[in-house]
Amino acid sequence: MKKWGILTACILLAGSLLAGCGSKPSTEGGTAAGEQPASGKTIVLGTSADFPPYEFHKMVNGKDQIVGFDIEIAKEIAKDMGAQLEVKDMSFDALLGELSTGRVDFVISGLTPNEERKKQIDFSNNYYKAEQAVVVREADKDKYSTMKALEGASLGIQKGSIQEDIAKTIPGAKITGLGKISDIVLQLNSNRVDASIMEKPVAEAYIKNVNGLVIADAVPDYKEDGYAIGIKKGNTELVNQINKTLDRLKSENKIEQYVAEASDLAAQK
């Protein structure tokens, strides 16, 4: 799914604000929809593009592209910096490592700034907050009407996610950790796991396109501050630059607009 060309050159961007590699944009498994060419300056985004409506692959004008409301935010960050956006698609559990080693400049992928992650990377201000949901096969909807009903169940969970932390609090739950949400959906459809915990917008996007799956009445009791953008530890200049863009997008009500547009796009077959 993910293939990308060899990066050929490294440049300094905005007075050593960040390191961006390559004279051309490259992506793994697709390009960011709506990218415009820029000269010389590149900012590299790390994401896991299987998380609709946040970031996902979609055929647009006959071309595999990476789209979603996180991608729209990333494009605005690049635009405000006068840079070209390069998108690297990878497994969710690889994102922080790629960021810490400098192979990507920032991470947007439905990332919650919990205390453990704050030890490894810095975060922007929060830009979005979503609820959690339990996804099951349609025939099992009544069976999993409460979180207690999930005790002892087998759960397909994205590795390294907040949902993995939630799953670990369920007594007797047997957790199958996978890197991609799409793999979890396959596990559910093939009866290899009983249920999954996902972000509600992600769950809603998948059940619109996958027959036989529904959102159960069980609701995870998990309180969070929302999502933020990950930046390499100590890069305060980039944190400040990203926060300026987020403040602008919020004042213009752009983020909710991006969410609605990405949700509609994800639902299209």
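Residues numbered from 1 in each chain as written. Predicted model: local features only at pLDDT ≥ 70, side-chain atom pairs only at ≥ 80, totals over all residues. Heavy atoms only, no water.

1. Remarks on the sheet that holds strand β8 (residues 84–89)
- Reading across the sheet, the 5 strands line up as β8-β4-β9-β16-β10 and stay open at both edges, with mixed pairing between neighbours. Strands with a single pairing partner mark the edges of an open sheet, and in this sheet they are β8 and β10 (121–123).
- By the bridge criterion, 2 bridges tie strand β9 (residues 106–107) to strand β16 (residues 230–232) in an arrangement that is antiparallel. When the sheet's bridge partners are listed, Phe106 is paired in β16 with Ile231.
- Here helix α1 (residues 69–80) sits on the sheet and contacts β4 (42–47), β8 and β9; the angle it forms with β4, its principal contact strand, is near 160 degrees.
- The strands that helix α7 (residues 236–251) touches are β4, β9, β10 and β16; relative to β16, the one it contacts most, it runs at about 155 degrees. (Pairing = 2+ DSSP bridges. Helix = DSSP H or I, 4+ residues; strand = E, 2+ residues; numbered from the N terminus. Contact = heavy atoms within 4.5 Å. Axes fitted to C-alpha atoms, helices over the stretch in contact; angles between N-to-C directions.)

2. Some thoughts on the sheet that holds strand β13 (residues 174–178)
- The sheet built from 5 strands is open, its strands ordered β13-β12-β14-β11-β15 with mixed pairing. The open sheet has two edge strands, β13 and β15 (213–215), and neither has a second partner. On average, each strand axis in the sheet is tilted by 30 degrees relative to the strand beside it, whichever way the strands run.
- Sheet topology places strand β11 (residues 132–137) next to β15; 3 bridges connect them, and they run antiparallel. When the bridges of β15 are listed, Val136 appears paired with Val214.
- Sheet strands touched by helix α5 (residues 181–189): β11, β12 (154–158), β13, β14 (195–199) and β15. Its angle to β14, the strand with the most contacts, is close to 150 degrees.

3. Digging into the side chain of Glu55
- Among the structural elements, Glu55 can be located in strand β6 (residues 55–60).
- One buried charge, Glu55, has no salt-bridge partner; the nearest side chain with opposite charge is Lys180, at 9.3 Å.
- Side chain to side chain, Glu55 and Thr47 meet in a polar contact 3.4 Å long. (Buried < 20%, exposed > 50% of the residue type's maximum accessible area, 1.4 Å probe, protein only. Lys, Arg positive; Asp, Glu negative; His and termini not counted. Salt bridge = Lys/Arg side-chain N within 4 Å of Asp/Glu carboxyl O. Polar contact = N/O pair within 3.5 Å; in protein donor to acceptor, adjacent residues only side chain to side chain.)

4. Focus: the confidence of the model for the protein chain
- Chain-level pLDDT for the protein chain is 85 on average; 84% of the residues reach the 70-or-more range.
- Taken element by element, the predicted model of the protein chain shows its lowest mean pLDDT in strand β1 (residues 10–13) (34) and its highest in β9 (98).
- Below pLDDT 50 for its whole length, residues 1–31 participates in 86 contacts with residues either more than four positions away or in separate chains.
- Considering only residues more than four positions removed or in separate chains, one finds that residues 33–39, a stretch of pLDDT under 50, has 13 contacts. (pLDDT = per-residue confidence, 0-100.)

5. Description of unusual backbone geometry
- Here the residue pair Pro52 and Pro53 is connected by a cis peptide bond, since its omega of 5 degrees sits within 30 degrees of zero.
- By the element assignment, Pro53 lies in the loop between β5 (50–51) and β6.
- The phi torsion at Asn61 lies on the positive side, around 55 degrees, for a residue other than glycine.
- Among the secondary structure elements, Asn61 is positioned in the loop between β6 and β7 (63–67).
- The class of Asn61 is exposed, set by a relative accessible area of 80%.
- Phi at Asn191 is positive, roughly 65 degrees, even though this residue is not glycine.
- In this structure, Asn191 sits in the loop between α5 and β14.
- By relative accessible area, Asn191 is classed as exposed at 54%.

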